Amino acid sequence: MTGKTGPPLICAPLRIEARAVRRGLRGGLGGSSPRGALPGTDHPPEVLRTGYGTTRAARQAGAISQRSFGQMMIMGVGGGLTTDLSVGDLVVGTEVGSVTCASAPLLAGELRRAGLPARTGRIITVDHLIRGPERAKLAAEGWLCVDMESEPLAAAAGDHPVAVIRAVSDTPHRPLAGIVSGGLAALRALRAAAPVAERWAAACGTRQVLLAGPRSFCAGVERAIEIVERALERYGEPVYVRKQIVHNTRVVGDLTSRGAVFVDELDQVPNGATVVFSAHGVSPAVRDEATRRSLAVIDATCPLVSKVHAEARRFAADGYTLALIGHAGHEEVEGTLGEAPDSTVLVQTAEDVAAFRPRDGERVAYLMQTTLSVDEAAEVAGALRERFPGVRSPSSDDICYATTNRQVAVRAVAAESDLVLVAGSANSSNSVRLVETCERAGTPAHLIDGAEDIQLDWLAGVSVIGLTAGASAPPAVVEEIISALSGLGPLSVSERITTTESIRFGLPKEVRH
Ligand code: SF4
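Visitor: Could you clarify how one ought to interpret the site of the ligand in this entry?
Guide: As a structural note, the neighbourhood of the ligand is formed by C218, G220, V221, C302, L304, V305, T370, C400 and Y401. Going through the elements one at a time, α7 (219–235) and α10 (303–317) are the ones with two or more residues in the shell around the ligand. By residue class, the composition of the shell around the ligand is 7 nonpolar, 2 polar and no charged.

Visitor: Explain the side chain of S429 to me, please; I cannot follow it from the model alone.
Guide: Within the fold, S429 resides in helix α15 (residues 429–440). Overall, S429 belongs to the buried group, its relative accessible area being 9%. Separated by 3.1 Å, the side chains of S429 and T371 make a polar contact. Setting aside its immediate chain neighbours within four residues, S429 contacts H327, H330, Q369 and T371.

Visitor: Teacher, can you tell me more about the packing of aromatic side chains here?
Guide: Within the structure shown, the criterion is met by 2 aromatic pairs. Pairing F315 with Y320 gives two aromatic rings, centres 5.6 Å apart and planes at 70°, and the pair type is edge-to-face. Judged by relative accessible area, Y320 falls into the buried class, the value being 9%. Taken together, a centroid distance of 5.7 Å and an interplanar angle of 80° make the contact between F356 and F388 edge-to-face.

Visitor: Is there a simple way to think about the nonpolar core in this case?
Guide: Generally speaking, soluble globular proteins have nonpolar side chains that are buried together. Within the largest apolar cluster, 57 residues are counted, with the highest numbers of intra-cluster contacts made by L111, L421 and I481. Ranked by residues supplied to this core, first place goes to helix α6 (residues 182–203) with 11 residues. Setting aside its immediate chain neighbours within four residues, I481 contacts L421, A423, I448, G450, A451, I454 and L467. In terms of nonpolar packing, the next biggest core, distinct from the first, is built from 30 residues, V276, C302, V305 and A471 among them.

Visitor: For this particular structure, what's the right way to read the sheet that holds strand β14 (residues 321–325)?
Guide: Strand pairing in a sheet takes place through backbone hydrogen bonds and is either antiparallel or parallel in direction. The 3 strands are arranged β15-β14-β16 in an open sheet whose pairing can be described as parallel. Each having just a single partner strand, β15 (344–347) and β16 (364–368) make up the two edges of the open sheet. With direction set aside, neighbouring strand axes in the sheet form an average angle of 30°. Looking at chain direction, β14 and β16 are connected through 5 bridges and run parallel. Note on β16: the bridge partner recorded for I325 is M368.

Visitor: Any chance you could explain the pairing of strand β9 (residues 207–213) here in plain terms?
Guide: Consecutive side chains of a regular strand alternate in pointing toward one face of the sheet and then the other. Of all 7 residues in β9, 6 are buried, a share of seventy percent or more. Examined bridge by bridge, β9 and strand β20 (residues 491–497) share 7 bridges and lie parallel to one another. Opposite Q208, over in β20, you have S492 as the bridge partner. Direction of pairing for β9 relative to strand β19 (residues 464–469): parallel, over a ladder of 4 bridges. Considered in β19, the bridge of L210 is made with G466.

Rules used in this analysis
- Residues numbered from 1 in each chain as written.
- Predicted model: local features only at pLDDT ≥ 70, side-chain atom pairs only at ≥ 80, totals over all residues.
- Heavy atoms only, no water.
- Near = heavy atom within 4 Å.
- Helix = DSSP H or I, 4+ residues; strand = E, 2+ residues; numbered from the N terminus.
- Nonpolar A, V, L, I, M, F, W, Y, C, P; charged D, E, K, R; others polar.
- Buried < 20%, exposed > 50% of the residue type's maximum accessible area, 1.4 Å probe, protein only.
- Polar contact = N/O pair within 3.5 Å; in protein donor to acceptor, adjacent residues only side chain to side chain.
- Contact = heavy atoms within 4.5 Å.
- Phe/Tyr/Trp six-rings, centres within 6.5 Å; stacked < 30°, edge-to-face > 60°.
- Core = buried A, V, L, I, M, F, W, Y, C linked by side-chain atoms within 4.5 Å.
- Pairing = 2+ DSSP bridges.
- Axes fitted to C-alpha atoms, helices over the stretch in contact; angles between N-to-C directions.

Written out as structure tokens, the structure is:
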């Protein structure tokens, strides 16, 4: 790794703060004590006591800007400005006055995984102790925490990676608990945070991000989200949605905040209410229940899933036994199985094919879940063709264009990357398949909902990061991940486009203008 020109510098204003940090660092003492270098760095971290207040901080900032160091972490106690903070909480600065600390989401996520209560937010540096009305005023301006040193120190970092952790010693409910009582809890939190600060320092360095293209939303997901948005506009809150509209926690959280109510089954929807069926489709039994309950249905099933349902009905009507290649329990599979439950058998592996007993070996057909691994599905289909040479298959691929394109694209970036990050939720089939595609290509890969899920030790020693997003993950998450990584050091971003997509699906009449 390059881009480091000296030891990681941990600035702690007060002697007790510096002592807490040193004690928390792995191996006991920081500063001038003999310690080994961090993995991925050339130097052990140095803890520098910078002094209390803005004047001393500014003086130290001048000295720091003249010396060589790799990355800067500022650690100390601070005043909590909002009523939802508690003494001992950690605030990781996204902005410190006018200085941006882009890696804050990574650091906060790592602190939370270490069991520490960490929040990200804006930190303001002032030259005097803050009391009642002024505290409320700063909170109203969007500041989360106040201190008396961070901004001049952070400004001295210049182009070096910089981060700030402030442990809350007083809050609006416990004003000026200060360094005596609230301060003890804050110092304990600082000490506990020190090993995480060390991991952050080890993760800093110069990197390249290779974006896979295409990535993120497909036409079916865009359509499903737009249907819920338009339903909310047209029919008002609440609009019920059976199951997650698409498998992504960010999308579901956003729509929930706008008035969508996600339910597992229709018995949670009041009679006569409006309900949206998710992009994954539903079985005829669910449609029948909605009709019985007089629900106003808006169907957001992806047209490419509907195509598989139609194939299931057609093959079953022609007397075929259907092998549905897919994953047990996935909503799409449950919906497709429901089209012809007496004629359809789920096969997940070549072993399932061996155990498959159709009514008539001469009348067998197979269908696929739309979001499978192209390679794995081909193996199972191959086993079916071998056992039933006359097996019928759909006229066009069931694995959809978006799934296929994203797998091809991520394979291309995996070949050039040390590590691949896949934005997507754990229940998103196509996102999980992207991780597996990289792993089959020999490149480690991790599924993350957002930047906060990136574990810092994944990054130590990694120079090239491949980045993609499943078909249900918003493009904004990719931007957020790039922004967070840029806070760890110089970052170049380039894209490998294997194909472009222009598919759009029309909206159902209930939400069409
Ligand atoms: S992944 Fe494919 S099947 Fe699923 S919603 Fe997107 S386009 Fe439709």
